[in-house]
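Spelled out, the chains give:
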Amino acid sequence: MHNSPRRGYLLNADSSPITREQLERKLHLSSDEVTALDRELVEAGVYARASDGTVFCRRMIREESKKAEWR
């Protein structure tokens with residue numbers, strides 16, 4: 001999310017949302033492991049999902065907005 005084209009969103013370099021399959025490959029985890037971790041992080045409020053399925057972090061987005069104001 002830090003290096004995403006849109007900071008705070010989990011996106012590929014072409015700005016398309018990263019799919020669950022891509023996460024499995026990038027993290028070297030099984031589908032069940034990614035599902036369990038996803039559930040845990042959403043329940044803990046670490047991130048959320050937009051209507052199109054894009055994972056985003058409200059805190060990172062808020063901090064990026066504050067940085068833009070400071071500039």
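See the structure printed just above.
The structure contained in this document is the topic of the report that follows. The structure presented is a predicted model; accordingly, all values stated were derived computationally and were not measured. (Residues numbered from 1 in each chain as written. Predicted model: local features only at pLDDT ≥ 70, side-chain atom pairs only at ≥ 80, totals over all residues. Heavy atoms only, no water.)

Examining the packing of aromatic side chains
Two descriptors summarise a pair of aromatic rings, namely the distance from one centre to the other and the angle between the planes of the rings. We apply this condition: What counts as a ring pair is set by centres within 6.5 Å for rings of Phe, Tyr and Trp (its six-membered ring), and what kind of pair is set by the plane angle: stacked under 30 degrees, edge-to-face over 60, tilted for all other angles. Lysine NZ or arginine CZ positioned within 6 Å of the ring centre and within 35 degrees of the ring normal marks a charge as sitting over the ring.
Under the defined criterion, the tally for this structure stands at one aromatic pair. Its guanidinium or amino end placed over the ring of Tyr9, Arg6 lies 4.0 Å from that ring's centre, counting from NZ or CZ.

Some details on the environment of Leu27
Quick note on the threshold: A helix here means a DSSP run of H or I that spans at least four residues, while a strand means a run of E at least two residues long, and both kinds are numbered starting from the N terminus. Only protein chains enter the accessibility calculation, which uses a 1.4 Å probe; a residue is then buried when its area is under 20% of its type maximum, exposed when over 50%, and partly exposed in between.
Note on placement: Leu27 falls in helix H1 (residues 20-27). On the accessibility criterion, Leu27 (48% relative accessible area) is partly exposed. The sequence separation of Leu27 and Leu10 amounts to 17 residues, and the corresponding C-alpha distance is 14 Å.

What about the packing of H1 against helix H2 (residues 31-43)?
Selection rule: A fitted line through C-alpha atoms represents every axis, and for helices the fit uses only the stretch in contact; the resulting angles, taken between N-to-C directions, go from 0 to 180 degrees. The labels follow the angle: roughly parallel below 35 degrees, roughly antiparallel above 145, roughly perpendicular from 65 to 115, and oblique for the rest. Note on definitions: a residue-residue contact is assigned when non-hydrogen atoms from the two residues lie within 4.5 Å. Amino acid classes used here: Ala, Val, Leu, Ile, Met, Phe, Trp, Tyr, Cys and Pro are nonpolar; Asp, Glu, Lys and Arg are charged; the rest, including Gly, are polar.
With their axes 10 Å apart at the nearest point, H1 and H2 run at an angle of 105 degrees to one another. Comparing the axis directions of H1 and H2 gives the class roughly perpendicular. Taking contact as the criterion, the partners of Arg20, Leu23 and Glu24 in H1 are, on H2, Ser31, Val34, Thr35 and Asp38. Classifying every residue of the contact of H1 with H2 by side-chain character gives two nonpolar, two polar and three charged.

Notes on the side chain of Thr54
Formally: Counted as a polar contact is a pair of N or O atoms within 3.5 Å, where, for protein atoms, one must be capable of donating a hydrogen and the other of accepting one, and residues adjacent in sequence contribute only when both atoms are in side chains.
Topologically, Thr54 is positioned in the loop between strand S1 (48-49) and strand S2 (55-56). A polar contact is formed between the side chain of Thr54 and the side chain of Asp52, at a distance of 2.8 Å. With residues near it in sequence (within four places) discarded, Thr54 still touches Tyr9, Leu10, Leu11, Pro17, Ala48 and Arg49.

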